[in-house]
Amino acid sequence: MKDMNKLKKDYEEIEIPNELENVVKESIRQAKAPQKKRSFLKQWSIGAAAAAALFVGSINVSSTFAQAMVNVPVLGSIVEVFTVQNLTLDEDTYQADLSAPAINGLENEGLQTSLNKKYIEENKELYKQFEKEVEEMKKAGNGHMGISTGYEVKTDTDQLLSIARYVENTIGSSSTTMKYDTIDKQKNIVITLPSLFKDNAYIDVISSYIASEMKRQMAEDEEITYFLAEESESGFESIQPDQNFYITADHKLVISFDDYEVAPGFMGVVTFEIPSSILGNLLVSDTYIN
Amino acid sequence: MTKKEKFELVENFIVENREAHYRLAYSYVRNKENALDIVQESIFKALKSIDRLEEITYLKTWFYRILVNTSIDFIRKHQRMTVMDDDILSMHLPQAEDEIIDMDLHDAIDQLAPYDKTLIILRFFEDLKIDEIATVMNDNINTIKSRLYRILNKLRIKVGEDFKV
């Protein structure tokens, strides 16, 4: 016969690792951080959405304006993306490697400047924050911590440019957040998700497609896990109106989720390509997605 | 209560009870890295879905539920990956010092299915009440009670005076 008191004692003697406190505090910080950023991003994209709406509106209302746009030379081939800023820190257990992209050659220089400025500012902010955390961690007795940022050009055609920027935080385990900008090079506008569609119906259509796709993938491969609303407290129910997305070179819409957003950490950043056929009637036009 | 106050309450709860949460996660995976991962992921899920915690009085059971679900999810996903047992590993490693391996804990608790393991830990080690466990596991009180009796019986564990199912 075993004794419950003895078992309880064993349980209580499970050793608590030193990292625990930092892992807990860092998790809390990370859970807080993206929300703040999201509201910033939201504000910003509302502006862009308004600009896009105005633009689409102008084409429809004024034939002169539409005519004028036809005559604008195609700038696609001379727009380029390159790395402008590199911030690094390399001390025993603390590593930072941050690089920011810059866009060159857009006809709308105001747009180009504001994007480039945004990229650099965000990077600087991340670096400052990282330095602060390193200080804190040094005070609390050392640990390992790393951050790296960078970008990837997802799509670059005559018409479209999609840039994905990632932030990877490493502390214990790592987590990645992504941000995308998709730019119409010919019309010189930033495309937002809501601006692609006639009304909000896209949210439900895309969400239910993703939910069914999650189930299909999970049934097919047991290594794949997503958080589904019916199974777990914080499962996937719906995309955000301004969910991360980009558009592929063959005109498909891709929806992207950060680490932990809809799946356990080991799944990383997950993306879903949405079949254009289910979006057909909802789109403002088939210029970008078809 | 404002949203900010609620967030702070949850945050404090998570920080204050981190050791209990870690031990629970550790009991499922028996390895430090995975246990830390589970704790981290649970905190993330909890704070991201804080709006679903309607009454702050349910904070404890609500968080345990997320923690238990995350742990069980984790084992389900990693079933194919077997973590080498400490005692097997120690045969292959240079002997550092004599370690008394506790066969009681290994045998009795570790062999249980995750669901049963959860009941034992929550009831006897974390001292939750039966109705709290029922909330965590989303089952009714009688099911939990009879299940607990059956496990104890099966394991032939002697429950001392201090413990009651």
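Residues numbered from 1 in each chain as written. Chains lettered and ligands numbered in written order. Predicted model: local features only at pLDDT ≥ 70, side-chain atom pairs only at ≥ 80, totals over all residues.

All names here are of chain B. At a minimum axis separation of 9 Å, helix 8 (residues 130-137) and helix 9 (residues 141-155) run at an interaxial angle of 105 degrees. One finds that helix 8 runs roughly perpendicular with respect to helix 9. Of the residues in helix 9, those in contact with Ile130, Asp131, Ile133, Ala134 and Met137 of helix 8 are Ile141, Ile144 and Lys145. Taken together, the residues of the contact of helix 8 with helix 9 sort by class into six nonpolar, no polar and two charged. (Axes fitted to C-alpha atoms, helices over the stretch in contact; angles between N-to-C directions. Helix = DSSP H or I, 4+ residues; strand = E, 2+ residues; numbered from the N terminus. Parallel < 35°, antiparallel > 145°, perpendicular 65-115°, else oblique. Contact = placed C-beta atoms within 7 Å. Nonpolar A, V, L, I, M, F, W, Y, C, P; charged D, E, K, R; others polar.)

For the rest of this paragraph, the subject is the pairing of strand 4 (residues 145-156) of chain A. All names here are of chain A. The pairing of strand 3 (residues 94-104) with strand 4 spans five bridges and is parallel. Note that in strand 4 the partner of Asp97 across the bridge is Ser148. As for the winding sense of the linkage, the β-α-β connection from strand 3 through helix 4 (residues 109-139) to strand 4 is left-handed. Here 10 bridges tie strand 4 to strand 5 (residues 160-171), and the two strands are oriented antiparallel to one another. When the bridges of strand 5 are listed, Asp156 appears paired with Leu161. (Pairing = 2+ DSSP bridges. Right-handed = clockwise from strand over helix to strand, strands pointing away.)

What follows concerns the environment of Lys32(B). Residue and element names in this part refer to chain B. Inspection of the secondary structure puts Lys32 in helix 3 (residues 32-48). For Lys32, a count of 17 C-beta atoms within 10 Å gives the class partly exposed. A C-alpha to C-alpha distance of 9.0 Å links Lys32 and Tyr22, two positions 10 residues apart in sequence. (Buried ≥ 20, exposed ≤ 12 C-beta atoms within 10 Å, placed from the backbone.)

Another point: the sheet that holds strand 10 (residues 270-274) of chain A. Residue and element names in this part refer to chain A. Taken in spatial order, the three strands of this open sheet run 8-9-10, and their pairing is antiparallel. Edge strands, defined here as strands with exactly one partner in the open sheet, are strand 8 (245-247) and strand 10. Each adjacent strand pair in this sheet contributes to an overall mean axis angle of 25 degrees, direction not counted. Across three bridges, the pairing between strand 8 and strand 9 (residues 253-257) is antiparallel. By the bridge assignment for strand 9, Phe245 is matched with Ile255. In the packing of helix 5 (residues 201-220) onto the sheet, the strands contacted are strand 9 and strand 10, and the crossing angle to strand 10 comes to about 115 degrees.

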